Amino acid sequence: MRRWNGWGDDSHTYAVPQRAQTAFAEWVGAPVPPSDAPLEQALKAVPPSRLPSASFLSFTPEDRLRHARGQSLGDWVALRSGVVGPFPDAVAFPESSDDVRALLDWAKRTQTRLIPWGGGTSVAGHVNPERDVGPSVTVDMSRMSKLLKLDETSRLATFGAGVSGPDLEAQLRAHGLILGHFPQSFEYSTLGGWIATRSSGQQSALYGRIEKLFAGGRVETPEGTLQLPCFPASAAGPDLREMVLGSEGRLGVITEATVRVSLAPAREEFVGVFFPGWEEGLAASRAIAQARLPLSMLRLSAPEEARTMLTLAGHERLLRALEAWIRFRGAGEGKALLLIGSTGTEATVSFGLDQALTLAKKHAGISAGRTFGAQWTKNRFRAPYLRNTLWDLGYAVDTVETAAPWAAVPKVLNSVESALRQGLSRWNEKTHVYTHLSHLYADGSSIYTTYLFRLGSTPEETLERWRYLKAKASEAIVAAKGTISHQHGVGVDHAPYLPAEKGALGISALRGVLKHFDPSGVMNPGKLVRDGVMP
Ligand SMILES: Cc1cc2nc3c(=O)[nH]c(=O)nc-3n(C[C@H](O)[C@H](O)[C@H](O)COP(=O)(O)OP(=O)(O)OC[C@H]3O[C@@H](n4cnc5c(N)ncnc54)[C@H](O)[C@@H]3O)c2cc1C
């Protein structure tokens, strides 16, 4: 069963090796394990619903608790402490676009707020009910998960938007097809959620971000049904899909989505390459990204992340041997690690990897072969489970992410890292901070920074520290001219920083679009653009 106050299925755990526990204690201090609220206690705190009973709504405390929060660190503190904050007054589980339409009409009549819910994997406060806006219903899309239409000639597949990653791929696999959208939250996140947050999958270098995969669909808005027909390309004015991408549940509910699918690849390889230092790794990665090779993934871990990954990996003896060999070849302390993925036919994979490794070698890259790649592939969706075990030990882990042109990447990265490193000094606490570039483009890259710190002695203290760190990192991103989000979206947490990026005219245009589709403000209030907060 899915954990109600952490990540993933409760039958899966991911142990933190002893040497990593020792290292973390050395880097940020010895932790004190928290005492979390049990489920029964959290359920008792669910208040009575403010809505009258209705056959199409669930009022059970467990449904309401399980839909009260997403997966941000703030959400974790709330759920683990049992001080959850506002709950949805009920949860709806529509089974068709008609059900959603009826729900919207009812919500408009009764002035009830609706919060679309895909997998609840948001890390920016997207799915949390707002305080003081009246009753709200969370719209869980999980029952709309079928493959509705498959046009194999055009390689277009239409799904119910509540389909989760594994379910979607399984339904396509039966036809020898693949979507290829693999965010790390793949296990639970959904097609509708990906579109509504402009998500990016780990192999976006080949398959593209969700913007490229989303061909069209159907959105039920408070003002009516918006149909988005599929064309390979169109010059018929502005593309209305762009209003839906990143709309974060504010425009309406995406009920059906058509995606561009591909033949399942014949071959896929992931290879690890070490570099003596960050500069070499960065130069090689940029050169490879700009060569536009047939690769599916480039992921460059800066030295601190490479060190942390190696510390967290099991197989200690094997790793020691590998590290000794790499050191002998010239990459010791301060080494960076590039993971290169290639996916396609036998020939394209060989060609892509050969060319990429040749470029890497020009920058002193040392191939560690497939061992690293295989290890990464094995753990690609297991890594989030580490958050559970680290929390149980007494550590909070969070991430911030942005993107910038290549010329600005070092500045943005350094600003974010130093904001996070210094962030807890007023509490005499330390953070362990490390970064990778995970989505590399010809003109720039995403920058993904993880930070780990000790839980405070109370949930309030942890929350206060996290909020401070998050604010400092976000301010650093804005000041260095990075985007406030490359892939996680805006939600509540990033909304104060959006005006700096979009400008006053841009924000008012956005507001105008939201108002057009939702004049009475039924949809997911407070997300994306803060209501009543003008830039
Ligand atoms: C461990 C972890 C790893 C992650 N890794 C990645 C990653 O690699 N790449 C990435 O891009 N993101 C990642 N995320 C962030 C998150 O998974 C994405 O934002 C994802 O797209 C959210 O999908 P969801 O279905 O869970 O949506 P939810 O969290 O349920 O909702 C997110 C937003 O979308 C809206 N929404 C959801 N469904 C619909 C719908 N049908 N119609 C209208 N609006 C809707 C909601 O109202 C909300 O505003 C990660 C999160 C976690 C916790």
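Since the structure is predicted, the reported quantities are computational estimates derived from the model, not experimental observations.

A closer look at the pairing of strand E4 (residues 147-151)
Reasoning step 1: Note: E4 against strand E5 (residues 156-160), 4 bridges, orientation antiparallel. In the strand pairing of E5, Lys 149 is matched with Thr 158.
Reasoning step 2: Following E4, the chain reverses through 4 residues before pairing antiparallel with E5; Arg 155 in that reversal takes a positive phi of roughly 55°.

Considerations on helix H18 (residues 459-479)
Reasoning step 1: Here H18 contains 21 residues, and its C-alpha end-to-end distance of 30 Å stays within 8% of the 30 Å for a straight helix at 1.5 Å per residue.
Reasoning step 2: For H18, the complete set of buried residues consists of Thr 462, Leu 463, Arg 465, Trp 466, Leu 469, Lys 470, Ala 473, Ser 474, Ala 476 and Ile 477. Within H18, the buried residues cover an arc of 165° as seen down the axis, which keeps them to one side. Facing away from the buried side of H18 by over 90 degrees, the exposed positions are Glu 460, Arg 467 and Ala 479.
Reasoning step 3: For H18, the elements touching its buried residues are helix H4 (73-81), strand E15 (395-405), helix H17 (409-422), strand E16 (431-437) and strand E17 (444-454).

Re the sheet that holds strand E7 (residues 214-221)
Reasoning step 1: The 5 strands are arranged E4-E5-E9-E7-E8 in an open sheet whose pairing can be described as antiparallel. Each edge of the open sheet is held by one strand with a lone partner, namely E4 and strand E8 (224-228). Taken over all neighbouring pairs, the strand axes of this sheet differ in orientation by 10° on average, direction set aside.
Reasoning step 2: As judged from the 5 bridges shared by E5 and strand E9 (residues 253-260), these two strands associate in the antiparallel manner. Within E9, the position partnered with Gly 160 by the bridge is Glu 256.

A closer look at the side chain of Thr 435
Reasoning step 1: With respect to the element layout, Thr 435 can be found in strand E16.
Reasoning step 2: For Thr 435, the contacting residues outside a window of four places in its chain are Leu 300, Ser 301, Ala 302, Glu 305, Leu 413, Glu 417, Ile 447, Tyr 448 and Thr 449.

Examining the pattern of salt bridges
Reasoning step 1: What the rule picks out here adds up to 25 salt bridges.
Reasoning step 2: The salt bridge involving Asp 392 is made with Arg 80; its shortest N-O contact spans 3.2 Å. Of this pair, Asp 392 sits in helix H16 (residues 386-393) while Arg 80 sits in helix H4, and the two are 312 residues apart along the sequence.
Reasoning step 3: Accessibility expressed as a relative area gives 42% for Asp 392, which makes it partly exposed.
Reasoning step 4: In this structure, the salt-bridge partner of Asp 105 is Arg 101, at a minimum N-O distance of 3.2 Å. Taken together, the residues span about one helical turn, with Asp 105 and Arg 101 both in helix H5 (residues 97-110) at a distance of 4 residues.

Definitions and limits used
- Residues numbered from 1 in each chain as written.
- Predicted model: local features only at pLDDT ≥ 70, side-chain atom pairs only at ≥ 80, totals over all residues.
- Heavy atoms only, no water.
- Pairing = 2+ DSSP bridges.
- Helix = DSSP H or I, 4+ residues; strand = E, 2+ residues; numbered from the N terminus.
- Expected span 1.5 Å × (residues − 1).
- Buried < 20%, exposed > 50% of the residue type's maximum accessible area, 1.4 Å probe, protein only.
- Arc of directions from axis to C-beta.
- Contact = heavy atoms within 4.5 Å.
- Axes fitted to C-alpha atoms, helices over the stretch in contact; angles between N-to-C directions.
- Salt bridge = Lys/Arg side-chain N within 4 Å of Asp/Glu carboxyl O.

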